Amino acid sequence: MQRTKRLFSKGIILNPKMVTQSQFSQIQFQAVLNNFSMLYNVMKAVNFVDNSIVQLSNDGIKVIVEDAKSIQASAYITRACFSEFKLAMAKQPSSDTAADTQPFIAFGLNLKVFTDCLSMFTGGDYNSSLKMIQKGTGAPLIVILEQHGEDSLITECSVRTMDPFDCMELDFEDEQQIVSKINVKGAEFFHLLSEMDRNCDEMEVAISLDAPHLVFHSFGELHSETSVEISNTSDMLITFSCNDASRNRYKFNHFRLAMRTLALASKVALRTNSEGLLGLQVMIENNDSSHIFVEYFILPLMADEDQTTM
């Protein structure tokens, strides 16, 4: 109990009964964000489904959500965003070598409940900080919010964690499968998508070595269509690389979901592979010049062979 009192006196816990002496040795994660407004905005943007997977690693926090096995979003809150970040990585019992240390700790989390907790201190002009603690496998995520100022307020929430669920394994690690890489300015790309017909059902993305190099074509009801053509010399583009022409269709609703994050973007990287998988990596500038990244993977719609190549 003396150790718990020391934790309380150091400000690590706010309730001396919250962590018992036997539980102290199980504390595996603790992090502090001095300003969590951007974290809240990002978590709110990717909260298009309730349940998420949280992965804790020495590089920071990764939050994964996906819907109907057709779109996946991963938010990366880098270690540089935190003023304090401590993580005790468990080793597999079969060996004591460093190579067998697990690369991350994973658990399921209701993202809506988590963002609702954060929302309590996100309004107004006051400065607020966030502290997160997880005591061990199966333990809840303890969220401590503190409002700094003349009327200092502290709120403590305990968010239940779950076993992590299986999710799609999507990536662009095989460079030979990547057919295009395009970096665009975040604000301009968000504006482009905002100008598309919001009532459309599908979006076709065509990328070519020849002009027009990048085309977004929307298809809606009653044969309504909208098309935007972009040259590789456009001021919107930062870099343009295309190894092979491609034309793929996607649900426009998936772009709508991504636009919640694109509204915060400073830069967006678009990538496609030979199977039509579309990746949108969004870079968001945090309040302290660090960065939060959100990566979307959007699977293409099934199409005839003549729709997948130009």
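Look above for the structure.
Predicted, not measured: the structure shown is a model, and the values here were computed from it. Every chain's residues receive numbers from 1 upward, in the order its sequence appears when written. Local features in this predicted model are restricted to residues whose pLDDT is 70 or higher, and side-chain atom pairs enter the listing and the counts only when it is 80 or higher, whereas totals over whole chains, interfaces and linings include all residues. Hydrogens and water are ignored here; the side-chain numbers use all heavy atoms of the structure.

## Brief notes about the sheet that holds strand 1 (residues 29-33)
To be explicit about the condition: By definition, two strands form a pair when at least two bridges between them are found by DSSP. Each helix corresponds to a stretch of at least 4 residues labelled H or I by DSSP, and each strand to a stretch of at least 2 residues labelled E; elements are numbered beginning at the N terminus. Helix axes are fitted to C-alpha atoms over the stretch in contact, other axes to C-alpha atoms as well, and angles between N-to-C directions run from 0 to 180 degrees. What makes two residues a contact is simply this: any of their non-hydrogen atoms within 4.5 Å.
Judged by pairing direction, the sheet is antiparallel, and its five strands sit side by side in the order 5-1-7-8-9 without closing on themselves. Two strands in the sheet have a free side with no partner beyond their single neighbour: strand 5 (84-87) and strand 9 (153-159). In this sheet, neighbouring strand axes are inclined to one another by 15 degrees on average, regardless of whether the strands run parallel or antiparallel. Pairing geometry for strand 1 and strand 5, over four bridges, is antiparallel. Paired with Phe29 across the strands is Leu87, a residue of strand 5. Helix 4 (residues 111-118) contacts strand 7 (127-134), strand 8 (141-148) and strand 9 of the sheet and is inclined by roughly 20 degrees relative to strand 8.

## Some words on the packing of aromatic side chains
Two aromatic rings are characterised by how far apart their centres lie and by the angle between their planes. Note the following rule: When the centres of two rings from Phe, Tyr and Trp lie within 6.5 Å, Trp using its six-membered ring, the rings pair. Their planes under 30 degrees apart give stacked, over 60 give edge-to-face, and anything left gives tilted. Using a 1.4 Å probe on the protein chains alone, a residue whose accessible area is under 20% of its type maximum counts as buried, one over 50% counts as exposed, and one in between counts as partly exposed. Counted as over-ring charges are cases with an Arg CZ or a Lys NZ within 6 Å of the ring centre that also lie within 35 degrees of the ring normal.
Tallying each qualifying case throughout the model produces six aromatic pairs. Plain terms: the ring middles of Phe189 and Phe216 are 5.9 Å apart, the flat faces sit at 55 degrees to each other, and that makes the pair tilted. Here Phe189 is found in helix 5 (residues 186-195), whereas its partner Phe216 is found in strand 13 (residues 214-219), with 27 residues between them in sequence. Both residues of the pair, Phe189 and Phe216, belong to the buried class. With 6.3 Å between their ring centres and 25 degrees between their planes, Phe252 and Phe255 make a pair best called stacked. Here Phe252 pairs with Phe255, and both are found in helix 6 (residues 252-262), just three residues apart, close to one helical turn. Summarising the burial analysis for this pair, Phe252 and Phe255 share the class buried. Following the ring pairs from residue to residue traces out a cluster consisting of Phe29, Phe82 and Phe85. Over the ring of Phe219 we find Arg249; its NZ or CZ atom is 3.8 Å from the centre of that ring.

## Comments concerning the packing of helix 5 against helix 6
For the record, the criterion: Put simply, a crossing is left-handed when the front helix is turned counterclockwise from the back one by less than a right angle, and right-handed when it is turned clockwise. When residues are sorted by character, Ala, Val, Leu, Ile, Met, Phe, Trp, Tyr, Cys and Pro go into the nonpolar class, Asp, Glu, Lys and Arg into the charged class, and all the rest, Gly among them, into the polar class.
It is the contact of helix 5 with helix 6, at a shortest axis distance of 10 Å, that shows an interaxial angle of 145 degrees. Note that helix 5 runs across helix 6; the crossing there is left-handed. Residues Gly186, Phe189, Phe190, Leu193 and Ser194 of helix 5 form the contact with helix 6, whose own contacting residues are Phe252, Phe255, Met259 and Leu262. Along the lines of polarity and charge, the residues of the contact of helix 5 with helix 6 split into seven nonpolar, two polar and no charged.

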